[in-house]
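# Residue-level structural notes
Single-letter residue listing:
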Amino acid sequence: MGDDSEWLKLPVDQKCEHKLWKARLSGYEEALKIFQKIKDEKSPEWSKFLGLIKKFVTDSNAVVQLKGLEAALVYVENAHVAGKTTGEVVSGVVSKVFNQPKAKAKELGIEICLMYIEIEKGEAVQEELLKGLDNKNPKIIVACIETLRKALSEFGSKIILLKPIIKVLPKLFESREKAVRDEAKLIAVEIYRWIRDALRPPLQNINSVQLKELEEEWVKLPTGAPKPSRFLRSQQELEAKLEQQQSAGGDAEGGGDDGDEVPQIDAYELLEAVEILSKLPKDFYDKIEAKKWQERKEALEAVEVLVKNPKLEAGDYADLVKALKKVVGKDTNVMLVALAAKCLTGLAVGLRKKFGQYAGHVVPTILEKFKEKKPQVVQALQEAIDAIFLTTTLQNISEDVLAVMDNKNPTIKQQTSLFIARSFRHCTASTLPKSLLKPFCAALLKHINDSAPEVRDAAFEALGTALKVVGEKAVNPFLADVDKLKLDKIKECSEKVELVHGKKAGLATDKKEFKPVPGRTAASGAAGDKDTKDISAPKPGPLKKAPANKAGGPPKKGKPAAAGGSGSTGTKNKKGLETKEIVEPELSVKVCEEKASAVLPSTCIQLLDSSNWKERLACMEEFQKAIELMDRTEMPCQALVRMLAKKPGWKETNFQVMQMKLHIVALIAQKGNFSKTSAQIVLDGLVDKIGDVKCGNNAKEAMTAIAEACMLPWTAEQVMSMAFSQKNPKNQSETLNWLSNAIKEFGFSGLNVKAFISNVKTALAATNPAVRTSAITLLGVMYLYVGPSLRMFFEDEKPALLSQIDAEFEKMQGQSPPAPTRGISKHSTSGTDEGEDVDEPEDGGNDVVDLLPRTEISDKITSELVSKIGDKNWKIRKEGLDEVAGIINEAKFIQPNIGELPTALKGRLNDSNKILVQQTLNILQQLAVAMGPNIKQHVKNLGIPIITVLGDSKNNVRAAALATVNAWAEQTGMKEWIEGEDLSEELKKENPFLRQELLGWLAEKLPTLRSTPTDLILCVPHLYSCLEDRNGDVRKKAQDALPFFMMHLGFEKMAKATGKLKPTSKDQVLAMLEKAKANMPAKPAAPAKATSKPMGGAAPAKFQAASAPVEDSVSNTVEAKADLKKAKAPGASSKAKSAQGKKVPSKTNLKEDEDKSGPIFIVVPNGKEQRMKDEKGLKVLKWNFTTPRDEYIEQLKTQMSSCVAKWLQDEMFHSDFQHHNKALAVMVDHLESEKEGVIGCLDLILKWLTLRFFDTNTSVLMKALEYLKLLFTLLSEEEYHLTENEASSFIPYLILKVGEPKDVIRKDVRAILNRMCLVYPASKMFPFIMEGTKSKNSKQRAECLEELGCLVESYGMNVCQPTPGKALKEIAIHIGDRDNAVRNAALNTIVTVYNVHGDQVFKLIGNLSEKDMSMLEERIKRSAKRPSAVPMKQVEEKPQRTQNINSNANMLRKGPAEDMSSKLNQARSMSGHPEAAQMVRREFQLDLDEIENDNGTVRCEMPELVQHKLDDIFEPVLIPEPKIRAVSPHFDDMHSNTASTINFIISQVASGDINTSIQALTQIDEVLRQEDKAEAMSGHIDQFLIATFMQLRLIYNTHMADEKLEKDEIIKLYSCIIGNMISLFQIESLAREASTGVLKDLMHGLITLMLDSRIEDLEEGQQVIRSVNLLVVKVLEKSDQTNILSALLVLLQDSLLATASSPKFSELVMKCLWRMVRLLPDTINSINLDRILLDIHIFMKVFPKEKLKQCKSEFPIRTLKTLLHTLCKLKGPKILDHLTMIDNKNESELEAHLCRMMKHSMDQTGSKSDKETEKGASRIDEKASKAKVNDFLAEIFKKIGSKENTKEGLAELYEYKKKYSDADIEPFLKNSSQFFQSYVERGLRVIEMEREGKGRIPTSTGNTNGEEVGPSVYLERLKILRQRCGLDNTKQDDRPPLTSLLSKPAVPPVASSTDMLHSKLSQLRESREQHQHSDLDSHQTHSAGTLTSSSSSSTNIDDLKKRLERIKSSRK
């Protein structure tokens, strides 16, 4: 029991994890109790159990598990944090609970799953359950299905996603387990309950018996819509509401409500898309064109089978559609026509909206084919066109349909009308606007009068359907002229129509309501009212096409408001409505007289035509009085005006009477119900008098009154036609003036622009200048309302006139149309329906663009032109595009039918030639303007490809594409673009350019839309992936667009869409959504009533659309117009504007905008100086703090108030960071334009920016840094000098940011510090940065140290403040820092100082701890370059010090500033910036300058002044112009500087910094890959190979061991090295230049690499090793065969000697030798056998036979024997002649071995020749040699005598003498001059001294032969080592010779290149002097600095003198 008591004491959570089941049981029970007690769902108690809940459900003990499940269920139900456990718990339930035998366990498991669904974790649960369906255990599968079924049954199909379940159903039905099949059947029945027949297609392929069973079950289901019985937590209020309703007996209503809850599932959505394009028969396109109809039929049948798939994958179906269209249109076989139509039907059904882009091409063809009479063809065509209609909108195909309506063939007319009728059924009131209805009604009205009865019936049906869809109110205006019989027929048809959207009665009530028809009662007002609202705001839900009303431009804009208005007034003013327009029959004069006499005094009527004018005047006065007293209803207007027109009428001669008369007309019009009939009686007279000087004004007044009574549009039209039908110019000009004024008063609504324009054109052509002027004024007024498109009508006017018009337009630009003052009140008093008024303009089709005459250009788009555009030759393609541009230009405005042009242009959008892409984009821009809104139908097939171009890598192409997209969107609106999946597909592409441009575009467009198609949601997943894109710009743009997506989709939808993201991403995205929610703009409201009326539909769409977002609806039209300009301004300002619109919807911002127009910084004279004084005098706080306190912020605010614009200051000190961003954007915009202001307020700006550094928001920080970069660039351009005050209150805070964790911020701060050095002395910057190194932030310390290094490197030691010693001591302290990055930075900085200052560094640093010192020395050894003096820089820094703060200092600093930036950049390029390649060149150029200055300095150390002078002589020749170097980017021009460039780059290959090395290798590779440039490497091969194997050794020893280094970097470096080598060894001429010593070391490096086990462990290690293998083979094959054989022998010898060497190493060397042996038969003739045999001889000397036999392996001896055997075999006895290089052959084991072999081979061949003894053999050999001696010596002396080879000859002679000491060279010297003899002797002596001096290589290395060592081989090695040790390398580094580095001596060097280094290092100082000597005589080239054999320097003085003479003469 002891154990028991142990666990009893444990806390609950530990019990739950105990290994004893009892303990766990007890734990679970206690936990259950705890869970039941906790009341607060957010209690911290819950979190304790988070990790345990999975254990609760997966307990191994069944009894305990049951209790655990109970506890878990309570936990999930009550704990707020339970959602976090969903995945693990549900997967535990699936795997460990569902397989339990106990039913209780399973029930609890299911309950837990359902509870998770209830707490909003449905998706995660469903995912786990679906995974469970793949389990092998059928029990688990059954339980998972059951759980899903229950979940669906309880929560409904809104919560449980059906698509994934339906996807797996067929598989479940195939299960072997009956239980699974039964459960599948149950869930299928449950799914059917929710989605009905949508389930049939996915299950069509299951077993027929099962399907039958299902059908039986389905039939039994109740028909009512199912309701969820359980709700999510968030919906539970809804549940409560439902219960209340049911208890109140409102069940029916509740049901109705709930019906909306169940989403309509579309079967199509549940299907998998099938890809069919690839499955088309290969010969389809040939067969479809075949002559035999059977073949064509086969092709079509193949397609028919494919398109039967109910859902097809999107693709490019253009060619297929084109082929089918051709069959439908042209094929003579009607059976095939029907078949092709079926195929089109299948495509349209399977592709749905994606087929829309092809609809326009196919519709006209199908409609015209209706001429066929055969029923099966007609039926197939009907099905096809109906299916196609569903893929597009009526708007898009209306043009094509209307064109066919005029066809003469009655069948076509009938079928087209029937098609229209069927199409109308799919429409709603909103998708069938008046603008669309009007042309259709016009065409159908022609058909109802057709002679063919079937045509008439079809037209009646179409009109009836239209009537049903939009109601009588909308259709009646078009049916005004239809007689009663026909009208009844239309209404009869209307009754029968069944609409697709189920709208039967709703609209009928409203139409009865508005136009009461005799004999019908009006429905109740309320119902009418309700219904109208329905129309005005179509609900989403099943009305899928509802949003389409957005498209189609302006006419629809006023629509919703209008309908709403009509509803509300309709019920009140029924009476008024009936007298909407006062229609009055014309009365005869008699009747008029009667009526007039009834209301006028009798005297008045009698005196009307009196001859005495006074009587007439008196009569008029009475007339007027009578009218003034008359009541409106009693006034017989027509009778009265007829009386006035009675003789003399308008011919009245007395002006007083006339004025009176005109005044009375105005009164009658104002006071009576004045009809158009009455107006027509008087208007003529009024127009006649309008030009009268005295009566003109009265006439105008009367006209205005009539216009108010009869509407301006009608009056204006009458007046204009009357004025221009008479000849009086005065009348004409005054009429135009009146009209200009009237438009301003009444607004532009409803005016017939077309009629006006023709009159205005007449006026412009008038001879009278007054008429022309008035016409131009009128145009100006019209321009206010119509906009720039008005100019299009007058483009063909004379230039002089056009310029006048333009000037008038210019005046009007920026003005807003005045708010109308007339034409409003009248309507409400007369009870006219306002709605009608707004709608009226639409009858006139008022969009100006619609009025333009459009040209048909399809006939010009010939197939030749199309093929031209697609030609292979780009020039011909360009010609084609030019032609298209010409056609469009010429036509100006075109009809939408453009034939094959879209496909042709689409192809050009991805042309490889970017110029053509741009040209295509320009054409598409033209096309948009030319086609106007009709371009809509091309959005899918041409617009979307333009968006693809936004992903182009070239900036200018993207800009052109964006301009084109904008031009299109301006014409089409956004709906077409967002509809369908195309836009989301574009966004899906992972192209950063495309994503950022597209998101930027959407962010600009979305805020202007009032509603968007639902398809916008498809873009959201891709938007989320953009939020986490690698590219910063993409992320930024995505964040910018986020609020606008949310504005349309709502937060909930957006948040729901995060469900599919990974958990980490989800959290991030949700956080961003929350943030965006706060900044979400309000949707732009519809224009308010008052404004919508005057503007109505007349203003082009873009004005109203744009006005909405910029200001809210309350700000009236005037402001909207004014803001338009601003809204269009690119960039930040427009964003800022729209943001204000969001924030303060109710406030008008016009005033504020006016404020913003001025400067943002006000220049206050001496303001800055005063502020400095205040700070010095402690009147204000000094800007110095650790975190900014409120008093600092207040102080800054106060100081700013006098010199910063108020509105900007509000933004700058706003609490929301977004306002700071805005402020920064504005400051960036004004930077260039307000330089003075910026400089005047600079101290305040910088202080404000320091406050921003303390903000946590990254976007503000990034923007601030961006601004600072621009600011300091500007300041340096202005040569401004930062004051101490500005610096001290800014720099310390900037330096804080250098320690930011984000890389990009640190980079920016460093860039700013870099730029600051241009406006503030580096020496003064130094202490600030030094201060930064004391920070606690290690990143800051490291970056500051690096920056210090950059400063020293750029400006020399002078920058170190207060003194170099103190500064360096402080820096050195950081060598012992605990952070590795800081240590490295400190070491690098000191190395930089060392590079500038040399060994003095150690003195300056002072004492360091031993550890630190050793680290430093090691680093200097590894990384230091040679110290390069920086005198030039320092000289230029000094004046800047001595002069105080004034702008001259800047002038002085300009020089080094450029160098500095490049230097700093170079220092930064260590981290691999893209500019690195360029840096190398600039760096190199700088070095040259330094060296040029350097020559003097270094010479000073040399004792011999002569040298100095000689050097001066060389100088001009030596140093190429550095400018050339700056221009030569990548060896492009191989001039004199090539060699030095190559040397420089090769020296970088061995760099300790991986990036530097990789860059150098890349540059070399570039050269090697280009045949024409590769020879530049000639002469540098050894040097390059040495650098390479040094790098290999560095990687092996250092990099691979460095754990901090990314191994990918190393792999990258390896692959660069190996790639380079392979390139090199493929070029045989270069490969042969590699010398033996270098090849030996190279092979050593490569074999070591192959054996490096660390590499094998890396991911790509195997690949590296394979590449090395390949490389080794190349080296063996391509190198000089003698050199490589020799190298391998030496390497083998070394590896066998070295104890540390692995046997594997030797083995690989031997394998290489075997390969060489195999190559010998081919290469034997090119091999220098003497050298090889010498090497073998040395090998055998080091390893005698006995010693070799002792080796563990027998391979070495076998290898040697094989080699010798092969040589013998190939050479025969002659081989013995090749032992010339072996000193004492007699002792050589080799000779004996060869002789044995020869003998053996002769024995074998059976030769009978004398079997010589070995001695004899050697004798023969000696004789043979003697015979050759003389020739050999003669050859040597010949070489000595020749100028070029003299040194080589001497060396050979020396070698010869050493070997044959008894050789007699006397005879050869005898014949020569005394001088020659002494020259030879002296030369030999020098060589001897040199050889002795260098000493022999110790025998242990096996190099006993003591051959001459080629100095140049080691020079490169030495240089690299010297550089690492920091020794003087100035000379050699930059100026190696242009010719080969190796002068190949007769006896080649073999000794390993490393063996020489020790002795070399000990003689560094001497070698320096040697360089000086060798400078003078090295080679015939003029480059100094390579070590050559110094024998020549002492002997070849004659030669030297001659050369000096030559140089002198050349200098003269």
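The notes below deal with the structure included here. Computed from a predicted model, the values in this text were never measured in an experiment. (Residues numbered from 1 in each chain as written. Predicted model: local features only at pLDDT ≥ 70, side-chain atom pairs only at ≥ 80, totals over all residues. Heavy atoms only, no water.)

### Quick word on the overall build of the protein chain
Scanning the protein chain from terminus to terminus reveals 108 helices and 0 strands. Taking all 2012 residues of the protein chain together, 54% fall into the buried category. Long-range pairs, those at least 24 residues apart, make up 76% of the contacts in the protein chain with a sequence separation of at least 6. (Helix = DSSP H or I, 4+ residues; strand = E, 2+ residues; numbered from the N terminus. Buried < 20%, exposed > 50% of the residue type's maximum accessible area, 1.4 Å probe, protein only. Contact = heavy atoms within 4.5 Å.)

### Things to note about the packing of helix 90 (residues 1636-1650) against helix 93 (residues 1681-1697)
With their axes 8 Å apart at the nearest point, helix 90 and helix 93 run at an angle of 55 degrees to one another. The angle between helix 90 and helix 93 falls in the class oblique. Considering the relative orientation of helix 90 and helix 93, their crossing is right-handed. Along its contact with helix 90, which presents Thr 1636, Leu 1639, Lys 1640, Met 1643, His 1644 and Ile 1647, the element helix 93 presents Asn 1683, Ile 1684, Ser 1686, Ala 1687, Leu 1688, Val 1690, Leu 1691 and Asp 1694. Taken together, the residues of the contact of helix 90 with helix 93 sort by class into 8 nonpolar, 4 polar and 2 charged. (Axes fitted to C-alpha atoms, helices over the stretch in contact; angles between N-to-C directions. Parallel < 35°, antiparallel > 145°, perpendicular 65-115°, else oblique. Left-handed = near helix turned anticlockwise from the far one by under 90°. Nonpolar A, V, L, I, M, F, W, Y, C, P; charged D, E, K, R; others polar.)

### As for the environment of Glu 1266
On the secondary structure map, Glu 1266 appears in helix 69 (residues 1258-1277). Separated by 42 residues in sequence, Glu 1266 and Leu 1224 place their C-alpha atoms 9.3 Å apart.

### Notes on the nonpolar core
With 103 residues, the main nonpolar core has Met 1577, Phe 1625 and Ile 1736 as its most contacted residues. At 11 residues, the largest contribution of residues to this core is made by helix 88 (residues 1607-1626). Excluding anything up to four places from it in sequence, Met 1577 contacts Ile 1542, Ile 1546, Ile 1564, Val 1567, Leu 1568, Phe 1584 and Leu 1630. By size, the runner-up hydrophobic cluster in this structure holds 92 residues, among which are Val 1238, Trp 1248, Ala 1287 and Val 1359. (Core = buried A, V, L, I, M, F, W, Y, C linked by side-chain atoms within 4.5 Å.)

### Considerations on helix 39 (residues 729-746)
With 18 residues, helix 39 ought to run about 26 Å at 1.5 Å a step, and its terminal C-alpha atoms sit 25 Å apart, in line with that. What helix 39 keeps buried is the set Asn 731, Gln 732, Ser 733, Glu 734, Thr 735, Leu 736, Trp 738, Leu 739, Ser 740, Ala 742, Ile 743 and Phe 746. Among the structural elements, helix 36 (676-689), helix 37 (696-710), helix 38 (712-725), helix 40 (753-764) and helix 41 (769-786) are those in contact with the buried residues of helix 39. Capping the start of helix 39 is the job of one residue whose side-chain oxygen sits 2.8 Å from the backbone nitrogen of Lys 730: Asn 728. Positive backbone phi, at 85 degrees, marks Gly 747, one or two positions downstream of helix 39. (Expected span 1.5 Å × (residues − 1). Polar contact = N/O pair within 3.5 Å; in protein donor to acceptor, adjacent residues only side chain to side chain.)

### Observations concerning the pattern of salt bridges
Per the stated rule, a full pass over the model turns up 77 salt bridges. The partner of Lys 220 in a salt bridge is Glu 217, with the nearest N and O atoms 3.5 Å apart. Separated by 3 residues within a single helix, Lys 220 and Glu 217 lie in helix 12 (residues 208-220), roughly one turn from each other. For Glu 1191, the salt bridge identified is with Arg 1189, shortest N-O distance 2.9 Å. Overlapping salt bridges, with partners in common, bring together Asp 1303, Arg 1306, Arg 1310, Glu 1343, Glu 1346 and Glu 1347 in one network. (Salt bridge = Lys/Arg side-chain N within 4 Å of Asp/Glu carboxyl O.)

### Considering unusual backbone geometry
A cis amide bond, omega -5 degrees, links Gln 1361 with the succeeding residue Pro 1362. Residue placement: Pro 1362 occurs in the loop between helix 74 (1338-1355) and helix 75 (1364-1373).

### Section: the packing of aromatic side chains
Scanning all chains against the criterion turns up 23 aromatic pairs. Measuring from centroid to centroid gives 6.3 Å for Trp 968 and Trp 977, while their planes differ by 75 degrees, and the two rings are edge-to-face. You can call Trp 977 buried: its relative accessible area is 0%. With 5.6 Å between their ring centres and 70 degrees between their planes, Trp 977 and Trp 1001 make a pair best called edge-to-face. With Trp 977 in helix 52 (residues 975-978) and Trp 1001 in helix 54 (residues 992-1005), this pair connects stretches of sequence that are 24 residues apart. Neither residue differs from the other here; Trp 977 and Trp 1001 are each classed as buried. Through a chain of ring-to-ring contacts, the aromatic side chains of Tyr 28, Phe 35, Trp 46, Phe 49, Phe 56 and Tyr 75 assemble into a single cluster. Cation over ring: Lys 694 sits above Phe 655, and NZ or CZ is 4.6 Å from the ring centre. Between the NZ or CZ atom of Lys 1077 and the centre of the ring of Phe 1051, over which it lies, the distance is 4.2 Å. (Phe/Tyr/Trp six-rings, centres within 6.5 Å; stacked < 30°, edge-to-face > 60°. Lys NZ or Arg CZ within 6 Å of the ring centre and 35° of its normal.)

### A short note on helix 47 (residues 874-891)
Helical geometry: 3.6 residues make up each α-helical turn, so side chains three or four residues apart lie on a common side. In a regular helix each residue adds 1.5 Å, so 18 residues correspond to 26 Å; helix 47 covers 26 Å between its end C-alpha atoms and thus fits that length. Taken residue by residue, helix 47 has Arg 877, Gly 880, Leu 881, Val 884, Ala 885, Ile 887, Ile 888 and Ala 891 as its buried positions. The arc that holds the buried residues of helix 47, viewed along the axis, is 160 degrees, so those residues lie on one side. Turned more than 90 degrees off the buried face of helix 47, the exposed positions are Lys 875, Asn 889 and Glu 890. Buried residues belonging to helix 47 abut helix 46 (863-869), helix 48 (901-908) and helix 49 (914-931). The N-cap of helix 47, judged by a side-chain oxygen 2.8 Å from the amide nitrogen of Lys 875 a few residues on, is Asn 873. Just downstream of helix 47 lies Lys 892, where phi reads positive at about 60 degrees. (Arc of directions from axis to C-beta.)

### Let's talk about the packing of helix 51 (residues 955-972) against helix 54
The geometry of a pair of packed helices is captured by two quantities: the angle between their axes and the separation between those axes. Relative to each other, helix 51 and helix 54 sit at 30 degrees, their axes nearing to 12 Å. By crossing handedness, the relation of helix 51 to helix 54 is classed as right-handed. Along the contact surface, helix 51 presents Arg 958, Leu 962, Val 965, Asn 966 and Ala 969, while helix 54 presents Phe 993, Glu 997, Trp 1001, Glu 1004 and Lys 1005. When its residues are assigned to classes, the contact of helix 51 with helix 54 shows 5 nonpolar, 1 polar and 4 charged.

### A closer look at a negative patch on the surface
Judged by side-chain charge, Glu 1606, Asp 1608, Glu 1659 and Glu 1660 come together as a negatively charged surface patch. Along the chain, Glu 1606 turns up in the loop between helix 87 (1581-1599) and helix 88. Overall, Glu 1606 belongs to the exposed group, its relative accessible area being 52%. (Patch = residues over 30% accessible without salt bridge, like charges linked within 9 Å, V, L, I, M, F, W, Y side chains within 5 Å. Areas by Shrake-Rupley, 256 points an atom, 1.4 Å probe, with all protein chains shown as cover. Lys, Arg positive; Asp, Glu negative; His and termini not counted. Charge placed at Lys NZ, Arg CZ, Asp CG, Glu CD.)

### Brief notes about the side chain of Thr 677
Tracing the backbone through its elements, the reader meets Thr 677 in helix 36. Contact partners of Thr 677, with chain neighbours within four places excluded, come to Glu 584, Pro 585, Glu 586 and Gln 638.

### Thoughts on the environment of Thr 147
With respect to the helices, strands and loops of the structure, Thr 147 is situated in helix 9 (residues 138-155). On the accessibility criterion, Thr 147 (0% relative accessible area) is buried. With sequence-adjacent residues up to four places away left out, Thr 147 is seen in contact with Phe 98, Ile 110, Cys 113, Leu 114 and Leu 129. One polar contact links the side chain of Thr 147 to the main-chain carbonyl oxygen of Ala 143, over a distance of 2.6 Å.

### Quick word on the side chain of His 1022
With respect to the secondary-structure elements, His 1022 resides in helix 55 (residues 1020-1027). Look at His 1022 and you get buried, because its relative accessible area is 16%. When sequence neighbours within four positions are dropped, the list of residues in contact with His 1022 reads Ser 984, Leu 987, Lys 988 and Arg 995.

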